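These are the residues of each chain, in order.
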Amino acid sequence: MITLSDRRAWSALPPVLADVLDRALSGETLDADDGYVLIRADPAYLSEIVATAGALRDGGRGRTITYSRKVFFPLTNLCRDKCGYCTFAKAPKDPDAKTMDRDEVRAVAAAGRAAGCKEALFSLGERPEERYALARAQLRTLGHTKTNDYLFEMCETVFDETGLIPHTNARRDEPLRSGAPSGDQRLDGIDAGEHQRPPS
Ligand code: SF4
């Protein structure tokens, strides 16, 4: 909680910084220039900045922190794209390249449920079958031609067998298996992951 006397004490702050904090507390939406003022502020004023952020948090969402326990499924780390910042994707020749088969997915799901998880987080590379023969061969073995179709099947399987709610970072500009049954309803929590718009 920031009191009036706290705000009076801000007279010791550089006027530009005090103005930004004051406007933030007044509910004003800050812009990029305000952000630069905060980022470049002298560390000596950190406590005032943190106190302001805390007051805004308390007045907005309060102090309650919630979380939902998730189990992670790196369904495949093969990817058609090559984002420079990515540490997840592996090329087919990489010894760490990996696509989970059905038994592996089921085993992880069962372990997640036993651990009290509520959600299944599927993380995967972007349509690797468009780039790699290995991905196409793996999908053929699994009875699919598209990674997203295998993803859909695994989301449905995990939900049906464990009740874990599936989420995935798969891009949404291609439907998961056209004509999909009600399983689509289970996927409306799909997250747009960091590779929603890869720069490839
Ligand atoms: S699209 Fe995603 S998985 Fe693929 S390289 Fe980019 S960040 Fe990595």
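J.: What is the right way to look at the packing of helix α2 (residues 15–25) against helix α4 (residues 46–60) in this model?
T.: The description of two packed helices rests on the angle between their axes and on the distance between the axes. Axis separation between α2 and α4 bottoms out at 10 Å; the angle between their running directions is 10 degrees. The orientation of α2 with respect to α4, classified from their angle, is roughly parallel. Across the interface between the two elements, Leu-17, Leu-21, Ala-24 and Leu-25 from α2 touch Glu-48, Ile-49, Thr-52, Ala-55 and Leu-56 from α4. Residue composition of the contact of α2 with α4, by class: seven nonpolar, one polar and one charged.

J.: I tried to follow the sheet that holds strand β2 (residues 119–124) on my own but got confused; where do I start?
T.: Sheets are built from strands that pair by backbone hydrogen bonding, the pairs being arranged parallel or antiparallel. Ordered in space as β1-β2-β3, the three strands form an open sheet in which the pairing is parallel. Two strands close off the open sheet at either side, each with one partner strand: β1 (70–76) and β3 (165–168). Taken over all neighbouring pairs, the strand axes of this sheet differ in orientation by 25 degrees on average, direction set aside. In the sheet, β2 pairs with β3 via four bridges, with the strands oriented parallel. Within the sheet, the bridge partner assigned to Phe-122 lies in β3 and is Thr-168. Lying over the sheet, helix α5 (residues 102–114) contacts β1 and β2, oriented at roughly 170 degrees with respect to β1. Strands β1, β2 and β3 of the sheet are contacted by helix α7 (residues 147–162), whose axis makes an angle of about 165 degrees with β2.

J.: How do you make sense of the pattern of salt bridges when you look at a structure like this?
T.: Pairing between side chains of opposite charge can happen when their charged atoms approach one another. Summed over the entire model, instances satisfying the criterion amount to 13 salt bridges. The salt bridge partner of Asp-19 is Arg-23, with a shortest N-O separation of 2.9 Å. Of this pair, Asp-19 and Arg-23 both sit in helix α2, four residues apart, which is roughly one turn of the helix. A residue is classified by how much of its surface remains accessible, and Arg-23, at 18% relative accessible area, is buried. One salt bridge in this structure joins Arg-23 and Glu-28, with 2.7 Å as the shortest N-O distance. Overlapping salt bridges bring together Arg-80, Asp-81, Glu-126, Arg-127 and Glu-130 as one network.

J.: In this structure, what is going on with the packing of α2 against helix α3 (residues 32–39)? I would like to understand it.
T.: One way to put it is that α2 packs onto α3 with a least axis distance of 10 Å and a crossing angle of 120 degrees. It follows from the interaxial angle that α2 and α3 lie oblique. Here α2 and α3 pass one another in a crossing that is left-handed. Residues Val-16, Leu-17, Val-20, Leu-21 and Arg-23 of α2 form the contact with α3, whose own contacting residues are Asp-34, Val-37 and Leu-38.

J.: What is the right way to look at the nonpolar core in this model?
T.: Buried together is how nonpolar side chains tend to be arranged in soluble globular proteins. Formed by 19 residues in total, the largest nonpolar core has its most connected members in Phe-73, Leu-75, Val-105, Phe-122 and Val-158. Only β1, α5, β2, α6 (133–142) and α7 provide two or more residues apiece to this core. Here the element with the most residues in this core is α7; it accounts for five residues. For Phe-73, the contacting residues outside a window of four places in its chain are Met-100, Val-105, Val-108, Ala-109, Ala-120, Leu-121, Phe-122, Ser-123 and Val-158. Core analysis: the second largest hydrophobic core is formed by seven residues, Leu-13, Leu-17, Ala-18 and Ile-49 among them.

J.: Honestly, α2 in this entry has me stumped. Any pointers?
T.: Leu-17, Ala-18, Val-20, Leu-21, Arg-23 and Ala-24 are the residues of α2 that are buried. The inward-facing, buried residues of α2 contact α3 and α4. In the segment just after α2, Gly-27 is the residue with positive phi, at about 95 degrees.

J.: Which parts of the structure should I look at to understand the confidence of the model for the protein chain?
T.: Predicted coordinates in regions of low pLDDT should not be interpreted in detail. The predicted model of the protein chain has a mean per-residue pLDDT of 86, with 82% of residues at 70 or higher. Low confidence marks residues 177–194, where pLDDT is under 50. Its contacts with residues over four positions away, or in another chain, come to 33 contacts.

Calculation criteria
- Residues numbered from 1 in each chain as written.
- Predicted model: local features only at pLDDT ≥ 70, side-chain atom pairs only at ≥ 80, totals over all residues.
- Heavy atoms only, no water.
- Axes fitted to C-alpha atoms, helices over the stretch in contact; angles between N-to-C directions.
- Helix = DSSP H or I, 4+ residues; strand = E, 2+ residues; numbered from the N terminus.
- Parallel < 35°, antiparallel > 145°, perpendicular 65-115°, else oblique.
- Contact = heavy atoms within 4.5 Å.
- Nonpolar A, V, L, I, M, F, W, Y, C, P; charged D, E, K, R; others polar.
- Pairing = 2+ DSSP bridges.
- Salt bridge = Lys/Arg side-chain N within 4 Å of Asp/Glu carboxyl O.
- Buried < 20%, exposed > 50% of the residue type's maximum accessible area, 1.4 Å probe, protein only.
- Left-handed = near helix turned anticlockwise from the far one by under 90°.
- Core = buried A, V, L, I, M, F, W, Y, C linked by side-chain atoms within 4.5 Å.
- pLDDT = per-residue confidence, 0-100.

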